[in-house]
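Okay, here's what each chain looks like letter by letter:
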Amino acid sequence: MNDRLSVWAKNISPSPTLAVDSKAKKLKAEGKDVCGFGAGEPDFDTPDFIKYAAIKALCDGKTKYIASSGLPELRDRLAALYAEKKGIKGISADNIVVSAGGKFSCYLSIMAVVSPGDEVIIPAPYWVSYPEMVKLAGGVPVFVSASEENDFKLTPEQFEAAITPKTKMLVLNTPSNPTGSVYSRDDLDALMKVAVKHRITVLSDEMYASLTYDGFEASSPAGLSDEAREYTIMISGFSKAYSMTGWRLGVMCAPLDIAKAVAKLQTQTTSNANTFAQYGALEAIKDTENAKRSLAKMLESFDRRRLMLWEGFNAIDGISCRRAKGAFYLFPNISSFGLGSTEFCAKLLDEELVAVVPGVAFGSDANVRFSYAVSDAVIEKGLERMKKFCARL
Ligand code: PLP
């Protein structure tokens, strides 16, 4: 029966992050006291002012198809916001497509640029979905190891050395899932010089750009210069910064030829993302005071938990962890225990009911991913259990 499935279905791997999360949820449902660090979503509810705007839209009859690329007013405001916050100049609503989640924005962007046989450079560690999306486009993922000593960041020398005549795209993700690492403006500038020189399009996934710490401010390659903007597809969205994961709203901002191609692909796949959800998103952009307040509250909690977890890891013999400045993940190194990350995570869940994601899923078997989008109490308990577990190894 397997023969009736396509090569796409056979070649694609299921998302390992969702798999860990569902295993932890199953154990919890059985009454087990699981500390779940697997989730890739904020543990806060969507702010009320956003919810009420969507409810109002629903009651006002905003329940029909709209322009496939998204609500014109939302796209206008997003263009203005990206100009102000990211320094992306000369863009309008025409450069922007709103899709059903940032994941779909990434997928359509890859489909718009990558043809069968094209190579896409993906720095490892990477977000699990990039290689699978590249494969779905018929492309070839080319992994380049970004070293832990360099904060898991690709260097311009590594980038240039990986380029072949078939290279079509580089994927950058800052702040990063799974490492929490951030690329500085200078880092991005050096990489974009290489991209422009070799005419390579950069998919810049900036899903976590609002979630940064230690005074770091995220930059976008599209905001560096007119040239850099012409080679950048910027991905953003509402899932992480506004705690709207279930709303499924992502954003792509790109040069006109790519934006038009993405818009065309969307007309033949999902059509517009949920109409009344987009009215909620519009309010999130319009009501800057409320948005700022709810983001500040969330950031305060994330920062506290980040430091609790980071300090806790570094106090455990055998674990080392870098102080990541973004997103809500830490990526401690567990290689001193002599176990692969899959075995480490399986034992940790079985013996101590602590759920984390093996780094091998992200291209680094020496590490494991902890999400700190969990309560302080879970972090405290999880660290206690980790300490016991590591002492036994
Ligand atoms: N990009 C990265 C790096 C992510 O971690 C995620 C979600 O986990 C996404 C994109 C997609 O977000 P969304 O939930 O909006 O599809």
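Residues numbered from 1 in each chain as written. Predicted model: local features only at pLDDT ≥ 70, side-chain atom pairs only at ≥ 80, totals over all residues. Heavy atoms only, no water.

With respect to unusual backbone geometry
The omega torsion of the bond from Ala 124 to Pro 125 falls at 0°, within 30 degrees of zero and hence cis. The residue Pro 125 is located in the loop between β3 (119–124) and α6 (129–136) in this model. For the bond running from Thr 174 to Pro 175, omega is -10°, close enough to zero to count as cis. Backbone geometry places Phe 152, a non-glycine residue, at a positive phi of 60°. With respect to the secondary-structure elements, Phe 152 resides in the loop between β4 (140–145) and α7 (156–162). The class for Phe 152 is buried, based on a relative accessible area of 9%. The residue Asp 214 is not glycine, and still its phi comes out positive at about 55°. Relative to the helices and strands, Asp 214 resides in the loop between β6 (201–205) and α9 (226–230). (Helix = DSSP H or I, 4+ residues; strand = E, 2+ residues; numbered from the N terminus. Buried < 20%, exposed > 50% of the residue type's maximum accessible area, 1.4 Å probe, protein only.)

Considerations on the packing of helix α13 (residues 341–352) against helix α14 (residues 376–392)
With their axes 11 Å apart at the nearest point, α13 and α14 run at an angle of 115° to one another. As α13 runs across α14, the sense of the crossing is right-handed. Counted together, Phe 344, Lys 347, Leu 348, Glu 351 and Glu 352 of α13 and Arg 385, Met 386, Lys 388, Phe 389, Cys 390 and Arg 392 of α14 form the full contact between these two elements. Grouping the amino acids of the contact of α13 with α14 by side-chain chemistry returns 5 nonpolar, no polar and 6 charged. (Axes fitted to C-alpha atoms, helices over the stretch in contact; angles between N-to-C directions. Left-handed = near helix turned anticlockwise from the far one by under 90°. Contact = heavy atoms within 4.5 Å. Nonpolar A, V, L, I, M, F, W, Y, C, P; charged D, E, K, R; others polar.)

Regarding the domain arrangement of the protein
Per the domain assignment, the segments of the protein are domain 1 (2–46 + 291–392) and domain 2 (48–287). The C-alpha-based centres of domain 1 and domain 2 are spaced at 24 Å. Each partner contributes residues to the interface: domain 1 has 40 residues there, and domain 2 has 41 residues. Roughly 3,300 Å² of surface becomes buried between domain 1 and domain 2 when both sides are summed, with 56% attributable to carbon and sulfur atoms. Of all residues in domain 1, the largest losses of buried area upon contact with domain 2 belong to Thr 46, Arg 322 and Lys 325, amounting jointly to 23% of the total for that side. The partner of Asp 45 in a salt bridge is Lys 51, and the shortest N-O contact between them spans 2.6 Å. On inspection of domain 1 and its partner domain 2, the count reaches 24 residue pairs in polar contact (both at pLDDT 80 or more). Contributing elements (two or more residues each) for the side of domain 1 that touches domain 2: α1 (7–11), α2 (16–29), α12 (288–314) and β9 (329–330). Sort the elements by how many residues they give to the side of domain 1 that touches domain 2 and α12 lands first, with 8 residues. A class-by-class count of the residues in the side of domain 1 that touches domain 2 yields 19 nonpolar, 13 polar and 8 charged. (Domains from an automatic or database assignment. Buried area = accessible area lost by both parts, 1.4 Å probe. Salt bridge = Lys/Arg side-chain N within 4 Å of Asp/Glu carboxyl O. Polar contact = N/O pair within 3.5 Å; in protein donor to acceptor, adjacent residues only side chain to side chain.)

Re the site of the ligand
Surveying the vicinity of the ligand reveals 13 residues, the closest of which are Asp 205, Tyr 208, Ser 239, Lys 240 and Arg 248. Between an oxygen atom of the ligand and a side-chain N or O atom of Ser 239, the distance comes to 2.6 Å. With the chains in place, 92% of the 390 Å² that the ligand exposes on its own is no longer accessible. Class assignment of the residues belonging to the shell around the ligand gives a composition of 4 nonpolar, 5 polar and 4 charged. (Near = heavy atom within 4 Å. Areas by Shrake-Rupley, 256 points an atom, 1.4 Å probe, with all protein chains shown as cover.)

Description of the packing of aromatic side chains
Counted under the stated rule, the structure contains 17 aromatic pairs. When the centroid spacing of 5.2 Å and the interplanar angle of 80° are considered together, the rings of Trp 127 and Tyr 130 count as edge-to-face. A single burial state applies to Trp 127 and to Tyr 130, both of which are buried. A network of ring pairs unites the aromatic residues Phe 44, Tyr 208, Tyr 213, Phe 302, Phe 328, Tyr 329 and Tyr 372 as a single cluster. (Phe/Tyr/Trp six-rings, centres within 6.5 Å; stacked < 30°, edge-to-face > 60°.)

Brief notes about the sheet that holds strand β2 (residues 96–99)
Read across the open sheet, the 7 strands follow the order β2-β8-β7-β6-β5-β3-β4; overall the sheet is mixed. The strands lining the two open edges of the sheet, one partner per strand, are β2 and β4. On average, each strand axis in the sheet is inclined to that of its neighbour by 20°, with strand direction left out of account. Strand contacts of α6: β3, β4, β5 (167–173) and β6, with the helix running at about 150° to β4, the strand carrying the most contacts. (Pairing = 2+ DSSP bridges.)

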